[in-house]
Amino acid sequence: MSGVPESASPSASKLGRLWRSGALFSEGLLPEGATGPSAHPVVRFLVRWVRRPLLPVLRLWRRNIQLRVVVATLLLSLAVVLLLGLVVIGQVRNGLLDAKERAAQSQAAGGFAAAQEKADSAGNGRSGASDTRNSGSSAQNSGTWLNSLVEELASGGQGVYSVVALNSDNDESPFLGDAGATTRGPRASGDVRPEETIPAELRTALDESPGTHEQYAKVYSQDGEATAGLIVGKRLNDDGGTPYQLYYVFPFTQEEESLALVKGTLATAGVFVVILLGGIAWLVVRQVVTPVRMAAGISERLAAGRLQERMKVTGEDDIARLGESFNKMAQNLQLKIQQLEALSRMQRRFVSDVSHELRTPLTTVRMAADVIHEARDDFDASTARSAELLLGQLDRFESLLADLLEISRFDAGAANLEADPVDLRTVVSRVVDGCAPLAEAKGSRLLVRGDAEPVVAEADGRRIERVLRNLVDNAIEHGEGRDVVVRLASGDGAVAVAVRDYGVGLRRGEVERVFNRFWRADPARARTTGGTGLGLSIAVEDARLHGGWLHAWGVPGGGSQFRLTLPSTVGDTLRGSPLPLEPEDARRREPVRETPVEHALAETVPAQTREASPPRARAASPGTEGQGDEGP
């Protein structure tokens, strides 16, 4: 049994074969993460098709507290109205049934008594008549008597109840009388169909027990419509002593109309109540949500720098006190920010003024120190050593003064970019040549990779050289005598230079602070290159001035890597970097020793290498988070 009809289409047959072979659900139709990449394509398509129109609604639901409160109020109100409606309708139904049952029992009891009394009166009057009356005449008289009885009992109940007279199965004489006679057939008033209306179990109960019986049943009319009703019956004897069954049929037409009226009234009232409660909830919540929304908007404007924004406060309630507190907080925040800005301006001005003012005395001291240093051979050993130390510290002081001046320019927004097309290979070559003596003294080797093809970008060559010199100096300083690798790459509208060392590396959390001013990973570590502690801070500002990134990566004992990424054209937006931030040999934690074969392979590495995995520890230069495909 293939389960696929022969007339099915080829696609249906293929689907059947896939079903039988299990290939259709080989990975499970809904495995864990069924809506993710591992889900079946059909399921992913259906999920996207269903979610697409729901996303705006879900977004509105998450962001609008007033909508959530109003919807919750409507749902709860609807539940309460439905519950109360069910209770009220149940009570009304029970009341109507009880009243109908009592009225039916009273009416039927009176009718049964009147029928029995009439039969007794007719029987006494007949006992004195001639006994020569034949049986046909007796049956005819009995049928006439039943017709008269049904008409008499139903005369006052038109539209309220009907009367039905049926033969009793316990009657020894046939219900039809003599052959061909139909005088003892079913009698019924109104448009009731007695054969279908009176249930068989009720007729049996009346034959077995002489008492009054009642039962809820369907009342069928001559046009075939069925209505719920109550039937009350009793077995009686007619004027001739023949038993028959007399029924009172009470349809629930009026009660159903009354119940329908109650249901309609409750439904209308419930709808109005739910709408009214929803409107009340909307108004009440609006009074609370509006100030909150106003506070949120003002907070956003305060965060954007518009510190003069304040909330409008009216009244003396809790919302008014919240507005007053918010305004006081905003005022205090504005004062503090203004104080900090003034202090920052004073500090920047102080640094700039001091840096400029120190240049003149420093020039004089430099001239005197040079004279003393040149004459150190005429001094004793301690004085000559002091002259050398003085000259070295003056060099460091001049470097610190230059860095402070550069930082003050960045803080004041006065730094200018003089961009020209620059081949970064030339810049890297100058940096490597300048740092070669320090690398030789530390026992490190400087290796350059990716310089087989031009790496050209519009940049300020002086600033880029300063950034790379600082990165290479730091790599040599912290490289523990191991190799330092400089890689270049270009592609996708960007150029990048990465400086990799295999030294002490960076601990967790240090990559976020490595660009802070005057920060040192190990304050107890001796500085041999005469740095000022501002190099990486200036490097970050230089990268930002170019519209680029300066990122750091490192692991303890596995070395570190700093990557400078610049747009090929000034003003372009970076979308990514042609070099990965985490080096490919990061997990080996071993220095790369150059061999002729390895060097040849290094020269053929594609320039547009992308990051294969996220770095384990890295940091972005300030203000670059979330840009392009990075955002460490």
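Further up the page is the structure itself.
Every value quoted in this text rests on a predicted model; they were computed, and no experiment measured them.

1. Thoughts on the overall build of the protein chain
- The number of helices and strands found in the protein chain is 13 helices and 13 strands.
- A total of 632 residues make up the protein chain; the buried ones form 35% of that total.
- Counted over contacts in the protein chain with a minimum sequence separation of 6, partners at least 24 positions apart contribute 69%.
- Total accessible area on the protein chain is roughly 36200 Å²; 56% of this is exposed by carbon and sulfur atoms.

2. Observations regarding the pattern of salt bridges
- Counting across every chain of the model gives 19 salt bridges.
- For Arg 425, the salt bridge identified is with Asp 423, shortest N-O distance 3.1 Å.
- The class of Arg 425 is partly exposed, set by a relative accessible area of 27%.
- Note that Asp 542 is salt-bridged to Arg 466, the shortest N-O span being 3.0 Å. Highlighted residues: Asp 542 in helix α12 (residues 535-545) and Arg 466 in helix α11 (residues 461-477), separated in sequence by 76 residues.

3. Looking at the packing of aromatic side chains
- Taken as a whole and judged by the stated rule, the model has 7 aromatic pairs.
- Arranged with centres 5.3 Å apart and planes meeting at 45°, the rings of Tyr 161 and Tyr 248 form a pair that is tilted. Placement of Tyr 161 in the loop between α4 (135-154) and β1 (162-167) and of Tyr 248 in strand β5 (residues 243-251) is noted, with a sequence separation of 87 residues between them. As far as the burial class goes, Tyr 161 and Tyr 248 line up, both buried.
- Summarising the aromatic geometry, the rings of Tyr 161 and Phe 250 are spaced 5.5 Å apart at their centres and angled 50° between planes, so their arrangement reads as tilted.

4. Quick look at the side chain of Asp 585
- The topology assignment puts Asp 585 in the loop between β12 (560-567) and α13 (596-603).
- The buried category is assigned to Asp 585, whose relative accessible area is 4%.
- Among the polar contacts listed, one links the side chain of Asp 585 to the side chain of Tyr 502, at a separation of 2.5 Å.

5. Let's talk about the sheet that holds β1
- Spatial strand order, β2-β1-β5-β4-β3: 5 strands in an open sheet with antiparallel pairing. Strands at the two margins of the open sheet, each flanked by one partner only, are β2 (187-188) and β3 (213-220).
- As defined by bridge partners, β3 adjoins strand β4 (residues 226-237) across 8 bridges and the pair is classed as antiparallel. Pairing of Val 219 across the sheet is with Thr 227, part of β4.

6. So, the environment of Glu 465
- Take Glu 465: it is sitting in helix α11.
- Filtering out sequence-adjacent residues up to four positions away, Glu 465 remains in contact with Val 427, Arg 430 and Val 431.

7. Some details on the pairing of strand β9 (residues 484-491)
- Along β9, 6 of the 8 residues are buried, which leaves the element largely enclosed by surrounding structure.
- Inspection of the sheet shows strand β7 (residues 446-449) paired to β9 by 4 bridges, in the parallel sense. Across the sheet, Leu 446 pairs through a bridge with Val 484, a residue of β9.
- Judged from the 8 bridges that link them, β9 and strand β10 (residues 494-501) form a sheet pairing that is antiparallel. Looking at the pairing, Ala 489 lines up with Ala 496 of β10.
- In this structure, the hairpin formed by β9 and β10 is closed by a connection of 2 residues, where Asp 492 is found at a positive phi of approximately 60°.

8. Focus: unusual backbone geometry
- Phi is positive for Glu 480, close to 55°, though the residue is something other than glycine.
- Positionally, Glu 480 belongs in the loop between α11 and β9.
- By relative accessible area, which is 43% here, Glu 480 ends up partly exposed.
- At Asp 492, a position not held by glycine, the phi torsion is positive, near 60°.
- Summarising the element assignment, Asp 492 is placed in the loop between β9 and β10.
- Residue classification places Asp 492 among the partly exposed positions, given a relative accessible area of 40%.

9. Topic: helix α7 (residues 253-303)
- If you check α7, its first and last C-alpha atoms are 72 Å apart, about what 51 residues at 1.5 Å a residue would give, namely 75 Å.
- At Arg 286, α7 shows its maximal bend, which comes to roughly 35°.
- Looking one or two residues past α7, Gly 305 carries a phi angle of roughly 105°, positive in sign.

Procedures and definitions
- Residues numbered from 1 in each chain as written.
- Predicted model: local features only at pLDDT ≥ 70, side-chain atom pairs only at ≥ 80, totals over all residues.
- Heavy atoms only, no water.
- Helix = DSSP H or I, 4+ residues; strand = E, 2+ residues; numbered from the N terminus.
- Buried < 20%, exposed > 50% of the residue type's maximum accessible area, 1.4 Å probe, protein only.
- Contact = heavy atoms within 4.5 Å.
- Areas by Shrake-Rupley, 256 points an atom, 1.4 Å probe, with all protein chains shown as cover.
- Salt bridge = Lys/Arg side-chain N within 4 Å of Asp/Glu carboxyl O.
- Phe/Tyr/Trp six-rings, centres within 6.5 Å; stacked < 30°, edge-to-face > 60°.
- Polar contact = N/O pair within 3.5 Å; in protein donor to acceptor, adjacent residues only side chain to side chain.
- Pairing = 2+ DSSP bridges.
- Expected span 1.5 Å × (residues − 1).
- Bend = angle between axes of the 7 residues up to and from the residue.

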